[in-house]
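Given next are the chains, with one letter for each unit.
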Number of protein chains: 6
Amino acid sequence: MEFFDEAYSGKVFIMSRHSYDDADIVIYGMPMDYTVSFRPGSRFGPNRIREASIGLEEYSPYMDKHLEEINYFDNGDMLLPFGNAARSLEMIEKYVDKLLEDGKFPIGLGGEHLVTWPVIKAMHKKYPDMALIHIDAHADLREEYEGETLSHSTPVRKICDLIGPENVYSFGIRSGMREEFAYAKTSGMTMEKFEVAEPLKKHLPKLAGRHVYVTIDIDVLDPAFAPGTGTAEAGGITSKELLEAIMLIAQSDLKIIGADLVEVAPAYDPSEQTAIAASKFIREILLGWTNKK
Amino acid sequence: MEFFDEAYSGKVFIMSRHSYDDADIVIYGMPMDYTVSFRPGSRFGPNRIREASIGLEEYSPYMDKHLEEINYFDNGDMLLPFGNAARSLEMIEKYVDKLLEDGKFPIGLGGEHLVTWPVIKAMHKKYPDMALIHIDAHADLREEYEGETLSHSTPVRKICDLIGPENVYSFGIRSGMREEFAYAKTSGMTMEKFEVAEPLKKHLPKLAGRHVYVTIDIDVLDPAFAPGTGTAEAGGITSKELLEAIMLIAQSDLKIIGADLVEVAPAYDPSEQTAIAASKFIREILLGWTNKK
Amino acid sequence: MEFFDEAYSGKVFIMSRHSYDDADIVIYGMPMDYTVSFRPGSRFGPNRIREASIGLEEYSPYMDKHLEEINYFDNGDMLLPFGNAARSLEMIEKYVDKLLEDGKFPIGLGGEHLVTWPVIKAMHKKYPDMALIHIDAHADLREEYEGETLSHSTPVRKICDLIGPENVYSFGIRSGMREEFAYAKTSGMTMEKFEVAEPLKKHLPKLAGRHVYVTIDIDVLDPAFAPGTGTAEAGGITSKELLEAIMLIAQSDLKIIGADLVEVAPAYDPSEQTAIAASKFIREILLGWTNKK
Amino acid sequence: MEFFDEAYSGKVFIMSRHSYDDADIVIYGMPMDYTVSFRPGSRFGPNRIREASIGLEEYSPYMDKHLEEINYFDNGDMLLPFGNAARSLEMIEKYVDKLLEDGKFPIGLGGEHLVTWPVIKAMHKKYPDMALIHIDAHADLREEYEGETLSHSTPVRKICDLIGPENVYSFGIRSGMREEFAYAKTSGMTMEKFEVAEPLKKHLPKLAGRHVYVTIDIDVLDPAFAPGTGTAEAGGITSKELLEAIMLIAQSDLKIIGADLVEVAPAYDPSEQTAIAASKFIREILLGWTNKK
Amino acid sequence: MEFFDEAYSGKVFIMSRHSYDDADIVIYGMPMDYTVSFRPGSRFGPNRIREASIGLEEYSPYMDKHLEEINYFDNGDMLLPFGNAARSLEMIEKYVDKLLEDGKFPIGLGGEHLVTWPVIKAMHKKYPDMALIHIDAHADLREEYEGETLSHSTPVRKICDLIGPENVYSFGIRSGMREEFAYAKTSGMTMEKFEVAEPLKKHLPKLAGRHVYVTIDIDVLDPAFAPGTGTAEAGGITSKELLEAIMLIAQSDLKIIGADLVEVAPAYDPSEQTAIAASKFIREILLGWTNKK
Amino acid sequence: MEFFDEAYSGKVFIMSRHSYDDADIVIYGMPMDYTVSFRPGSRFGPNRIREASIGLEEYSPYMDKHLEEINYFDNGDMLLPFGNAARSLEMIEKYVDKLLEDGKFPIGLGGEHLVTWPVIKAMHKKYPDMALIHIDAHADLREEYEGETLSHSTPVRKICDLIGPENVYSFGIRSGMREEFAYAKTSGMTMEKFEVAEPLKKHLPKLAGRHVYVTIDIDVLDPAFAPGTGTAEAGGITSKELLEAIMLIAQSDLKIIGADLVEVAPAYDPSEQTAIAASKFIREILLGWTNKK
């Protein structure tokens, strides 16, 4: 079937290359939202981020770079089995295994935050010395939620158990159980509350030269900036601060090995401002992080 | 990449087969909306129809049939060059040429109604004796709109010129210029105003045994049933009547050669009721029309 | 300041002539909504009806007439003193006095239904033998509401007192106090519940040759067809039935002396379907009623 | 704490009496929505129905009765354990046991449709000869959903097993699995597809003199009339037809022993039309069914 | 009727104790909005704040405290007589009289800001030496509005007259009549424009040891953070700054005697972000202020 | 027709004088949006800004001035020929020619940003030495867009060509093509990225004593503050910063000769917060800039 070179239909992120094989970087969606407790709908997030990318310029004045300078393929959303969390997580892990085997830089779009757990399982096999930067409103450090260990409240705890809490750096956290904040203090992980950009300046130098994966939960933004998310939490950062954080990481000496952006839920986004912001963050991540491996 | 057999991610119409080659029927999106005069946005229609199909059962009590009894592949949206109507229409024509060459039954999702024009150009090459059933609120019989012949107000007129007005049957029409209604009266075409199901009963027998393509503009429904469309027009039919019309065609002696459903515009559809209705119409079309060739 | 002849800015109803003096018919808005008990906002109704008229054709296949065949000026909204109901009503009465003095056919856009009261006071001075056709979900026959006689629940009762209940014909009524329905039965007025078109067929012949004013409350429609109104009431008629009612009146032997359409409230109309329907009703009223004087 | 006699705060259904003990009829909410597969949110339905009741008159021209003629208490929503379906169902059953022990006529507000299952368990203990009238778009006859027998797709099947399929009458069904329609044909239950009022006329005489519980799923309405529901299904009935159905039951010789109205989901109801319609249905049920025991 | 201990139904603020008698603190709603001039709807605010509390954690990382450490009962909304402002205010005053008599710490949810006036009348009887902290976009210092002294624009002026302007401290004010700002300058009251947290730092020490009531109008936030309010005013503070203000008061040496949060209007809050923010502020108030008496 | 002196109908900006002749300042709308590439709808912006002005006070605590101190007439929207960009631009230029000839201070409301181009053509004829302050998210420096030089992406480039790039000062720019940023660097124009207030402090002194026109694109605000615009771009400034910028200009030594505010698009503004903010900016512009000529 014929393609048109500068097609902007909203079905793929703007400037996606036309084949998986030609690309160094792969964007993929993980449309899973079945373990959330409050307001679901993030399964439709990846598609809305793609659609909103139509409104973006291909050049970034933040990075002074153009999307044509890099090389990525938007592989669409995974076909996940609705309602079956365990099986979905297995599929995600295998999918990322394959991306890494093929030498791709993975950029995942959620979906609920639990999808980051199998991604990290795959990343850790390839990069056993990896660290995690986690930008979020919520600690996500629960051991279980209502008796369920596979929950959108547990991924960071599971990751701590896998890669060691001393390799986990959380920023912007403003919500969680008492036990989660206690764990953060005693386990050896790093947690910075409420702010992102300032504490990043402090911690990035410690991570210099290391393999680092970055996961961003869109709800780190205040609901004013990102109303379209499942568990909106007042008191968050601005879009400007998140852009600054992305730039700080781009300018750092980290070896970025992959990234994801999760929890965009279009049902609560009547003006599409959350998808619009998310698509800009993905552009900056593409331009700033993918050549730092 | 691995697939899961009963995956329901909202990215493809439910129960889509996994390859183009295995399918007798192909669903495809034409995300074009650049010639509309009033409220654009139908480029996002096909995706929302797919998403809404998640809420459907696979069995229809109307047709007493199950989607597993048929065999279709959802080939996603075409990648059309944004803003370039002429080039987009060429691409659509070639795309449908290919579908027909491969022996597929085409089911198109719009996009604005102008997309039906290149589809018919392709169909007519294969079926020079074809007729058209056109279900719509608007006559779409203009010769031009603001000096432009490629407009969402002109496709049916162009089709009349190509296949002969005596082979065009319009139903449900409740809006147009005086000149369009005059053309309908004098050209030899058939136009039934305001209603769809009752007049279909009268005209279907005349078309028995013939090759017929059916195009449905979602705005034939009253805005109560389909608010999510560009040029909503009060005084339309109910979803029930459109379902009845689809059944009447299914039970007729026509040889259906293809179909499309156009003008779903999600921006005006805050409760998703238009996409929900459209996805049901597509299910019924799949079950009722695709084995009548 | 210069005008452009075929300007469609949404500020005036489509095809408005350019001066008051050139027109036989005057459209005017009464942006008053301060006596409502439940959900205000109809003050913005007239503007949204004008905006929605952009989406209309100028020709009606219902009436087989074109707006260029008639002659009307959209005089915009009156500047009413916010919150001062008594003074607003005085101003409306004087405004309509002037329209009638100038020989204009008045078409009013509400605003809440109380605006019809001063309009009728003006009409009645010129046409002391007049009758009223009232199409509405609510009886509007209260003597007072929470101690206030100037309320959106009282206008029809006041009109009964002024022009005689035997000259008042209400259609489509499905809500009111027990006392209102009792008054309807015993006062000599005519009230037909739930339906509009069928009972109109019965009563229109009785009004043949008489001067009749028609007031339509958009909430006679079911909320499916007109969600954008202050006191939406389930169980109403369809847009199709209201179009049929307008046509029945157009084809009757009544002498229509003026009309209004009230209670469009844009705040509850996210898809604009109420304004879209209302603008079509106004087009049909313009084409069907204004030459019957 | 002091009450005001004619208080209209939207916290209770209008004209609720001030104490449980003074009332013959009890309205209660069951804010449970955790087993739904598609779009949750019905847990907030009962509150919105109460709020919308502010816009209602206390008198019904359908029934020619006033709410002061009957005697009911709105007991608010039950406090159910979020996410624990089994425990919630137990609590509902015990709650209704108590209502019946106290001689109350129960009117339940959902919540998802599964809540009807424990209500019927309680009703059946008191009325072992009872029958069920079930008005719904969906058959709800599944034996399980994704391996779970406590699902919003299973309640009517469970009720058939308990009270005997020959005592179950379903109306308006337009969606379900092939197996559900097969069960409906072979089990001895009664199922009428697509329509409600006409088939009710046929079947009500058969139920004369019997104890009957009535459950209404708001999604029997077309999404035009009730967009605010989890699994909206195009092709449904109008609000007018459902009002007619309520009146037919009111005029019948049945002994009505209780009723519920479920699946109002405010998140998809931006104009509140679903809650507005539902509150009117509750008023008619209060006026028409509660003295037929 | 049975309760479940950790019930989260959205009907009461999370972790409400089960009886009035067991609680030291009482949350109560004042669903009154009848004197507003622009956009009403705050009568539904308290309910939405309760619903949104479902999304909150019970532990606050701001205060490092858990809701189980305190002891409160959500007594629901008062049943106020719709449309009768004078009577409603009397009822509120008596209600708070009773709360104080019973030794409760009152936390009121509005409703329009006029509700604070009778609350202060009650507070002042018990604490004649009290001061007021007033956080708001609007001065609310009018002597009357359109001739009415009981208006949402007058409460702070009335309070100045009652407790002395020297005991009134307003923060964040960015809208009012010239006369109101003149009064603020000359009367002896304290008014800080545009900002809240910085000026609080300056003034809190002056109030050390005193009995202070705090009233917060949600519109002190910029409409970006709180669109869901009647008279949204651009140029406001962030949610972060209001959280900081609440913390400053919590850490101060004031004796807090009660508080309220008013003017949440759900009709303008399509993503629920205003209710979500308000529920968080209430949690922080519960944790930070209620033990400072 | 009679006027009421303190009328607040939402049809004109609050406190508009009653005639063009009595006023020194003229507000006018330019409802044009036909060249936009992404989301149209700004044609309805001017009307919504007027409607939202109802919620404003007439006194500004920022400027310590009252609208009665100045003298302006809201002349409504121009009647522009829909779809004809070239003709519309001619009409706007002639319209502003006339305003300037009559000695009026023009305050334009857009519409898309292209409308500023003909305004500047008219201004430049009268003030050949003029400079431009341009506050926007987008550079608008393209030479053409999809082959079209009359596009919403080109106006500032055209203005540079006309008045000289050294007289153009852009602030807040965060989006554009690489070529636009290159032009900004090499052409001699001034461009400050991302921020507005701080860089204004640096550049305003350079413009002291000069004739300066100011154009504000509402999308300079972050979408949190102005979701209702066609090409929302994350990472923008706050309403507070834009108010500060307006005050800095008011306090400067510039000779302001006119201003406009463009790109308010109500379709994406469900809570009306964009129109509410825009109406406040217009009030401040009226109070702060119009006497600096």
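Residues numbered from 1 in each chain as written. Chains lettered and ligands numbered in written order. Predicted model: local features only at pLDDT ≥ 70, side-chain atom pairs only at ≥ 80, totals over all residues. Heavy atoms only, no water.

K.L.:
If you had to explain the sheet that holds strand S10 (residues 255-262) of chain E to someone new, which residues and values would you point to?
P.N.:
Residue and element names in this part refer to chain E. An order of S4-S1-S5-S10-S9-S6-S7-S8 is seen for the eight strands of this open sheet, with the pairing classed as parallel. Of all strands in the sheet, those with a lone pairing partner are strand S4 (72-77) and strand S8 (190-193), marking the two edges. For this sheet, the mean angle separating the axes of adjacent strands, direction not counted, is 15°. Across six bridges, the pairing between strand S1 (residues 25-30) and strand S5 (residues 105-110) is parallel. Counterpart to methionine 30 in the pairing with S5 is glycine 110. Sheet strands in contact with helix H3 (residues 116-126) are S1, S5, strand S6 (131-135), strand S9 (211-217) and S10, and its direction is about 175° off that of S9. (Pairing = 2+ DSSP bridges. Helix = DSSP H or I, 4+ residues; strand = E, 2+ residues; numbered from the N terminus. Axes fitted to C-alpha atoms, helices over the stretch in contact; angles between N-to-C directions. Contact = heavy atoms within 4.5 Å.)

K.L.:
I'd like a rundown of the interface of chain C and chain B, residues and numbers included.
P.N.:
Chain C puts 22 residues into the contact, and the matching count from chain B is 27 residues. Buried area between chain C and chain B, both sides added, is near 2,000 Å², and the carbon and sulfur share of it is 56%. Of all residues in chain C, Glu57, Pro61 and Lys240 of chain C give up the largest surface area on contact with chain B, accounting jointly for 28% of the area buried on that side. At the boundary of chain C and chain B, one finds four salt bridges. Across the pair lysine 280 of chain C and glutamate 233 of chain B runs a salt bridge whose closest N-O atoms are separated by 2.8 Å. Counting every contact that joins chain C to chain B gives six residue pairs in polar contact (both at pLDDT 80 or more). Counting residues per element, the ones that place at least two in the side of chain C that touches chain B are strand S3 (65-66), helix H7 (239-250) and helix H8 (273-289) of chain C. Here the side of chain C that touches chain B is composed, by residue class, of 10 nonpolar, five polar and seven charged. (Buried area = accessible area lost by both parts, 1.4 Å probe. Salt bridge = Lys/Arg side-chain N within 4 Å of Asp/Glu carboxyl O. Polar contact = N/O pair within 3.5 Å; in protein donor to acceptor, adjacent residues only side chain to side chain. Nonpolar A, V, L, I, M, F, W, Y, C, P; charged D, E, K, R; others polar.)

K.L.:
Which residues make up the relation of the copies chain C and chain B, and what are the values?
P.N.:
With an axial shift of 0.0 Å and an RMSD of 0.0 Å, the rotation relating chain C to chain B amounts to 120°. The two molecules are tied by a three-fold rotation axis, judged by turn and shift. Scanning chain C for the C-alpha nearest the rotation axis identifies alanine 224 of chain C, at a separation of 3.0 Å. Little of the interface of chain C is mirrored in chain B, where only 14% of its interface residues again form contacts. (Least-squares fit on C-alpha atoms with pLDDT ≥ 70 in both.)

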